[in-house]
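A look at the structure
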Amino acid sequence: MTAHHRSSAGRLITRRQLRPLGALTATAVVTMLLAACGSSTGARSTGRADANATITVGSLNEPTTLNVVKGGNTGHAQVLLRNVVEGLTVLTDDGKVEPLLAKSWDVSGDGTVYTFHLQSGVTFSDGTPLKAADVVATLNRVISAESTSARKKNLSIMKTIEALDDNTVKVSLSSRSQSFLFYLTATGAAVTKPNAGNPETTVIGTGPYTIAGWKQGDSITLTRNDKYWGTKASNKEVVYRFFKDATAENNALLAGQLDLVTQVTSPDMLAQFDKRTEFSIVEGTSTTKELFNFNDAVSPFNNVDVRHAIRQATDRKALLKAVWADRGLVLGSMVPPTDPWYEDLTSVDDHNVDGAKQSLAKAGHPNGLSFTVDYVPSDAINIVAQGLKSQLAQAGITITLNPVDDATWTDKVYKNHNFQATIMTHVNQRDLVWYGDPKFYWQYDNAQVQQWVKDSETATTADEQTALLKKVARQISEDAASDWLFLDPAIKVASTSVSGYQKNNTTDSFYVASISKH
């Protein structure tokens, strides 16, 4: 099963692929802790960069296909997006939407017509000039019957798509969409050359690299595209090597077979690299949110005081320490700090066992309550599950842990809502709006929130959208719609001979063109 689950409405929930994590207590290490919102990091390197260098990147996520509208797991976007294929817009490593293949655009007064002006001199990697008709074909494809793109439903607001000339694309929307430019940053909306071959194994884009080879189960090699319209890649070749487990990946890094890894999966693993001058350890931020979700439509969770009690009984800081040794960030709602509408809401339902007991009594459960938690086990989720069981017991809440496989979780929890509570990982950007859908698997139903979410999408300005979604974030926290636990950190270990790699995991892409080797 891939790391993605889609609802019938086409929305996306993403489960991190199961990865080994460390023990409850982590070894203390010294890290180079950098600011959480920068775009890339350097390393302790000297000398002139080698323009013909090969950069070898370790990853635990191999793509399952090269088809941009059918990619299912994290590795698909990591390898392709921004590196091989590009969209009209791009989501930067600090969470901002900026122009890419579109150098600019005009928006009609009612916000429903976008006229995109393409960059000049852009060619596909085979030398074919990019034309507006290629963009039209791409945007039609992402909303077509064949597409299973995560953003298919969102982009289905495109009513008409037409080429005004070779350099201009006009898109008319069925309604104003403040998020439209963000939706265009998705892998499925990246421009590919039409009819270039089998889309499962062949992709020709406009990016700084071409795919030189894919040894399935082993590696994908990217070669610098010397026809690239923008700034040429700082290296000649990038090899993504794929590993089944983090231990093998770390051993390869220690042996000098890798230049860096895309994500460290446990703080315990850092001890191997601590105090070794040939490595840099860098921490950034991510959009990976660990959640303890309730089925808000069923008893006892249809009582807001029960939900408050559970949140107050949860010691989020202790859970974060157990999994990440205090790295990462405790959350008070569904918003990471790289989203424009972030606000620190951790004071809402902060850890308070006595308060939890009082809330239970107010809800009519003075002697406590019991319920079952369904979850897909991994080392990290197991730590969270055992921690929650222990913490909630202190407030008189007994939980029965019920580990299930992916298929069972998808059918029971996600599709049929036949559950009481679940532990789940969400990695998608800007997914706060899912609380505006009462049919989503947690079945939170607040008419005011639904209206704010709807109004935020049709807002006339970005500031208006931000203000409305801040209201949503605060309201769902005050309603204890879920128990948001923490935001995973983005931790990378790299050879000090390389620099220029991104440190945050806030986009679907792992951009490699800026990486230099000395």
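Residues numbered from 1 in each chain as written. Predicted model: local features only at pLDDT ≥ 70, side-chain atom pairs only at ≥ 80, totals over all residues. Heavy atoms only, no water.

Overview of the sheet that holds strand S10 (residues 168-173)
The strand order S7-S8-S10-S9 describes an open sheet built from 4 strands, whose pairing is antiparallel. Both outer strands of the open sheet, strand S7 (102-107) and strand S9 (158-165), are each paired with one neighbouring strand and no more. Neighbour-to-neighbour, the strand axes of the sheet open up by a mean angle of 20°, direction not taken into account. As defined by bridge partners, S7 adjoins strand S8 (residues 113-118) across 5 bridges and the pair is classed as antiparallel. Following the sheet pairing, Val 107 is matched in S8 by Tyr 114. Sitting on the sheet, helix H2 (residues 132-142) is in contact with S8, S9 and S10, with an inclination near 170° to S9. (Pairing = 2+ DSSP bridges. Helix = DSSP H or I, 4+ residues; strand = E, 2+ residues; numbered from the N terminus. Axes fitted to C-alpha atoms, helices over the stretch in contact; angles between N-to-C directions. Contact = heavy atoms within 4.5 Å.)

What to know about the environment of Gly 111
Here Gly 111 lies in the loop between S7 and S8. What makes Gly 111 buried here is its relative accessible area of 2%. Through-space distance from the C-alpha of Gly 111 to that of Arg 176 is 5.0 Å; in sequence the pair is 65 residues apart. Setting aside chain neighbours within four positions, we find Gly 111 in contact with Leu 173, Arg 176 and Ser 177. (Buried < 20%, exposed > 50% of the residue type's maximum accessible area, 1.4 Å probe, protein only.)

Side note on empty space enclosed by the protein
Tallied over the entire structure, the rule returns 3 cavities of 30 Å³ or more. One number sums up the size of the second largest cavity: a volume of about 70 Å³. Lining the second largest cavity, in full, are Val 330, Leu 331, Gly 332, Ser 333, Val 335, Trp 341, Tyr 342, Glu 343, Asp 344, Leu 345, Thr 346 and Ala 473. Per-class residue counts for the lining of the second largest cavity are 7 nonpolar, 3 polar and 2 charged. (1 Å grid on protein atoms, 1.4 Å probe; cavity = no way out; pocket = protein on both sides within 12 Å on 5 of 7 lines; lining within 4 Å. Points joined across faces, edges and corners; volume = space filled by probe spheres on them. Nonpolar A, V, L, I, M, F, W, Y, C, P; charged D, E, K, R; others polar.)

Some words on the confidence of the model for the chain
Of all residues in the chain, 90% have pLDDT values of 70 or greater, and the mean over the chain is 89. Contacts of residues 1-39 to residues separated by more than four positions or lying in other chains number 134 contacts, the stretch itself having pLDDT below 50. (pLDDT = per-residue confidence, 0-100.)

Regarding the packing of helix H11 (residues 447-457) against helix H12 (residues 462-478)
Their axes nearest at 8 Å, the elements H11 and H12 cross at an angle of 160°. With respect to H12, the axis of H11 lies roughly antiparallel. Both H11 and H12 take part in a crossing whose hand is left-handed. When H11 is examined against H12, the residues Val 449, Trp 452, Val 453, Asp 455, Ser 456 and Glu 457 are found in contact with a partner set consisting of Gln 465, Leu 468, Leu 469, Lys 471, Val 472, Gln 475 and Ile 476. (Parallel < 35°, antiparallel > 145°, perpendicular 65-115°, else oblique. Left-handed = near helix turned anticlockwise from the far one by under 90°.)

Looking at the packing of helix H7 (residues 316-324) against helix H9 (residues 379-393)
It is the contact of H7 with H9, at a shortest axis distance of 10 Å, that shows an interaxial angle of 150°. As far as their axial angle goes, H9 and H7 are roughly antiparallel. When the axes of H7 and H9 are compared, the crossing they make is right-handed. Together, Ala 318, Leu 319, Ala 322 and Val 323 of H7 and Ala 380, Ile 383, Val 384, Gly 387, Leu 388 and Gln 391 of H9 make up the contact between the two elements. Partitioned by chemical class, the residues of the contact of H7 with H9 number 8 nonpolar, 2 polar and no charged.

Describing the pairing of strand S16 (residues 289-294)
Counting buried positions along S16 yields 6 of 6 residues, so the element is predominantly enclosed. The alternating pattern of S16 places Lys 289, Leu 291 and Asn 293 on one face and Glu 290, Phe 292 and Phe 294 on the opposite face, and all of these are buried. Looking at chain direction, S16 and strand S21 (residues 482-487) are connected through 5 bridges and run antiparallel. Opposite Asn 293, over in S21, you have Ser 482 as the bridge partner.

Examining the side chain of Asn 154
Along the chain, the position of Asn 154 falls in helix H3 (residues 152-155). A polar side-chain atom of Asn 154 sits 3.1 Å from a polar atom in the side chain of Arg 151. (Polar contact = N/O pair within 3.5 Å; in protein donor to acceptor, adjacent residues only side chain to side chain.)

Quick look at the sheet that holds strand S20 (residues 421-426)
With mixed pairing, 6 strands are arranged side by side in an open sheet as S17-S21-S16-S20-S18-S19. The sheet is open, and its two edges are formed by strand S17 (329-330) and strand S19 (397-403), each paired on a single side. Of the strand pairs in this sheet, S16 and S20 are connected by 6 bridges, and their pairing is antiparallel. Paired with Leu 291 across the strands is Met 424, a residue of S20. The sheet contacts of H7 involve S17 and S21, and relative to S21 the element is tilted by about 40°.

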